Amino acid sequence: MAEVIKDFDKPDFSVDKYTKQLVKECVGGADLQQRKKDIQVYSDQTSATLKKSVYANYMQFIETAKEISHLESEMYQLSHILIEQRNILASLTDEKTPGNTQPNEEGEEQPTQEEVENSHATRAVKEMVQGFNGNLEGKTFLNEGALIELDANDYRPIQRVFFFLFNDVLIVCKVKHDKRLEFLTEYDPKKIAVINIKDLDGVRNAINIITPDGSKIFQSVTAAGKTEWIEKLEVAFRFDQQKKANKKGPAPQPPKKANKKGPAPQPPKARQKDSPSDAKSLLSDLSPTESQAGKVENYGPEWIAIASEEIQTLIAQRHFEDAQALIKRTQEYLTKDANFVNAKQIAEKVKALETQLTDVLLQELSNCHCRNLQVTLRASRRSLKILVDIGRARQACGTLLKVATMALRTAQREARRNNAEISELFFCDLTQVACEFLSAFEPQPACVSALVVWCNAELQYFASQLIKHYLTKGTHLDAVAKCIEGIRKPCAKLTEIGLDLSYHLEGLLRSTLESLIEESRVRLLETVGRSEDSWQPYNLQTKSNLKRLLLELDALGFDMRTHTTGDTWINLTQSTVMFTRHYLQLTAQCAYLAKSEVLWPSLEVLLRDLMVAQQAVKPVAGLSVDPNFVLKNKLFLLEELLPTAIDNFRLISGSERKCEMLLELQRQLRKQLAPVPKQRSVYQTDVF
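Computed from a predicted structure; not experimentally measured.

The rules behind each value
- Residues numbered from 1 in each chain as written.
- Predicted model: local features only at pLDDT ≥ 70, side-chain atom pairs only at ≥ 80, totals over all residues.
- Heavy atoms only, no water.
- Helix = DSSP H or I, 4+ residues; strand = E, 2+ residues; numbered from the N terminus.
- Buried < 20%, exposed > 50% of the residue type's maximum accessible area, 1.4 Å probe, protein only.
- Contact = heavy atoms within 4.5 Å.
- Areas by Shrake-Rupley, 256 points an atom, 1.4 Å probe, with all protein chains shown as cover.
- Core = buried A, V, L, I, M, F, W, Y, C linked by side-chain atoms within 4.5 Å.
- Pairing = 2+ DSSP bridges.
- Expected span 1.5 Å × (residues − 1).
- Axes fitted to C-alpha atoms, helices over the stretch in contact; angles between N-to-C directions.

**Q** Please explain the overall build of the protein as it appears in this structure.
**A** Scanning the protein from N- to C-terminus turns up 25 helices and eleven strands. Relative to its full complement of 688 residues, the protein shows a buried share of 36%. Residue pairs at least 24 apart in sequence account for 65% of intrachain contacts in the protein once pairs closer than 6 positions are excluded. Here the protein has roughly 42500 Å² of accessible surface; of this, 53% comes from carbon and sulfur atoms.

**Q** Where do I start with the nonpolar core in this structure?
**A** Considering soluble globular proteins, one finds that nonpolar side chains tend to be buried as a cluster. Core analysis: the biggest nonpolar cluster contains 108 residues, and Phe 427 and Tyr 583 have the highest contact counts within it. For this core, the element with the highest residue contribution is helix H16 (residues 393–417), accounting for ten residues. Not counting chain neighbours up to four residues away, the residues in contact with Tyr 583 comprise Leu 607, Leu 610, Met 611, Leu 641, Leu 642, Ala 645 and Leu 662. Counting residues in each nonpolar core, the second largest holds 16 residues, with Phe 163, Leu 165, Tyr 187 and Ile 207 among its members.

**Q** Please explain the pairing of strand S4 (residues 170–175) as it appears in this structure.
**A** The two faces of a sheet get side chains in turn, since along a regular strand they alternate between them. Counting buried residues in S4 gives five out of six residues, a clear majority hidden from the surface. Examined bridge by bridge, strand S3 (residues 157–166) and S4 share five bridges and lie antiparallel to one another. From the neighbouring strand, Phe 163 faces S4, where its bridge partner is Val 172. Joining the antiparallel neighbours S3 and S4 is a turn of three residues. What sits between the antiparallel neighbours S4 and strand S5 (residues 181–187) is a turn of five residues, in which Lys 179 has the positive phi angle 70 degrees.

**Q** Can you walk me through helix H21 (residues 543–555) in this structure?
**A** What sets the pattern is the α-helix's 3.6 residues per turn: residues three or four places apart point alike. Counted at 1.5 Å a residue, the expected span for H21 with its 13 residues is 18 Å, and the 18 Å between its end C-alpha atoms agrees. Of the surrounding elements, those touching the buried residues of H21 are strand S9 (538–539), strand S10 (564–565), strand S11 (569–570) and helix H22 (574–593). Of the residues flanking the end of H21, it is Gly 557, one or two places downstream, whose phi is positive at about 90 degrees.

**Q** Looking at this model, I keep getting lost on the sheet that holds strand S2 (residues 141–150). Mind explaining?
**A** Strands pair in a sheet through their backbones, by hydrogen bonds, and they do so in one of two ways: parallel or antiparallel. Reading across the sheet, the eight strands line up as S1-S5-S4-S3-S2-S8-S7-S6 and stay open at both edges, with mixed pairing between neighbours. Looking along the sheet, the strands with just one partner apiece sit at the ends: strand S1 (129–130) and strand S6 (193–196). Taken together, the two bridges between S1 and S5 define a ladder with parallel strand orientation. By the bridge assignment, Gln 130 is partnered in S5 with Glu 182. Contacts from helix H7 (residues 223–237) reach S2, S3, S4, S6 and strand S7 (206–211) within the one sheet, and its direction differs from that of S2 by about 125 degrees.

Take it as geometry only, folks, not as evidence of what the structure does.
In structure tokens, the structure reads:
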């Protein structure tokens, strides 16, 4: 073992060389197997050592990952600050150039600060962004900054991005590993929507931007940066409206008094890039109170304006009950009062979010399947309740029944592998599903009918599996009787909850059972009379054997003590005694199957033919036997065994129906076995 470890630890270890050397050294397969075991033991030891090392340093790995994440965030902040400083320095450099400080001799207007910023931003995009060929001339620069794109499902970071926002274009770039920017795509700010996402436990400062490509979530480094992006995107969205309003111009206002020594007021267009007050002033310019000359419009309550965002946030946070309650509240309010601005748009958004909530709940319901049916049903209660409340009961019941089908069939497969009782398991699971279903959808008639259809389908699948695995060709009648009796009892208990599947079950198994009964009849008839009988009283050799036999017959409902003689003798042949025991057992098995009226005739035919075959057994030709003893055995079968079998058959089957075939057989055999009186000779004489 030490040599194996030493070879593997060498830095110049070669698999090919080691294999060739191993083949040369080993003699026979046994030596190779031993080397294989040694290598496997070393592999297991190495794996265990590696696991221990990982577990020992597990917390260090987590702390290191957190530290790396913090450092990465700080690098993003530093990169953002450096970009801002670069832009400020570039603007200061341009302002201090001679062309900007000296007045223009030709009388042309000096470029405003906004135009300077636009030119700097245009130049920066062309220099920094790889793969961008768009035209940015004449566009107004609004904002730039680094963000993190998150996965919409689990809020996992996908990639680092950098935004350049102009008045009519949003440029999205990918931050590569070498800190360079690669062009990804561009959007029209008027064709996107921005949704504010509330801070979650693990995600903060996130916004949801709905683009023509779909919904995307981005995270800002700071809360101020998030607010700034929301404001700037809103400014870009309403930029054309503000431009038209500026062309019309508001009513002239008297100038405010200013100090003579104070600085000259800046032109309206000269706004600082990162001044939030300018963004607020732009938003205030766009407010309907100023643009419509004092006209007051009804915007509805404040909560309904942000209802769609709240609903989407609640769905993302998996607060489905709160989302459903807010949807219901919004719809009720819109039903009462829809005469306010954007009421139609809000109604459409809420309807779309209701559809989204339904899809999410149905997905939750379909994902709650488990090997344990009780766990599956318990996990589905929350989604079911909400879906029923929002009027999606039919979709919910269909999904629940599909999940229940998977759980039921998985449990059946495991039970067959473990040789467990499948009948009680199936009907117990079916009862659980039905009770849970009825408690959730009881007021819904359509859903209850779906449950009945599903139960019939599952019963049909269960019957097919039962026939395939337990009622195969060649199965003995006692096994068939036990299987069917084990199915009928739990199936009948379903009537306690209002489900009666017995008739359907008997119909599914009828053809298979009839074929098995016919097969058993043929097989049993072949065994009758196969062994030769000496037609002598049966000696059981010991008292214990006789006692055991009498107890077995007592359990079958037959008393044979009147036919015992001596300590170990029965005054019947051995074949008659064995046939009596077998016939009574067979009668009990047939009686269990005869609880279904459709199988009664075929079972009576089986018992009748078997009795006829036994009555037809005769002594071998040339064998010296007592004819009175033969007749006694046949009368025993007719007068004692057959009536007892008829009574047991009716008692076990629980039916008041008469066994017409067996009674007719009894009448016919009595006629055949009736003793014929001997004719006496009559003598006549004339002598008196």
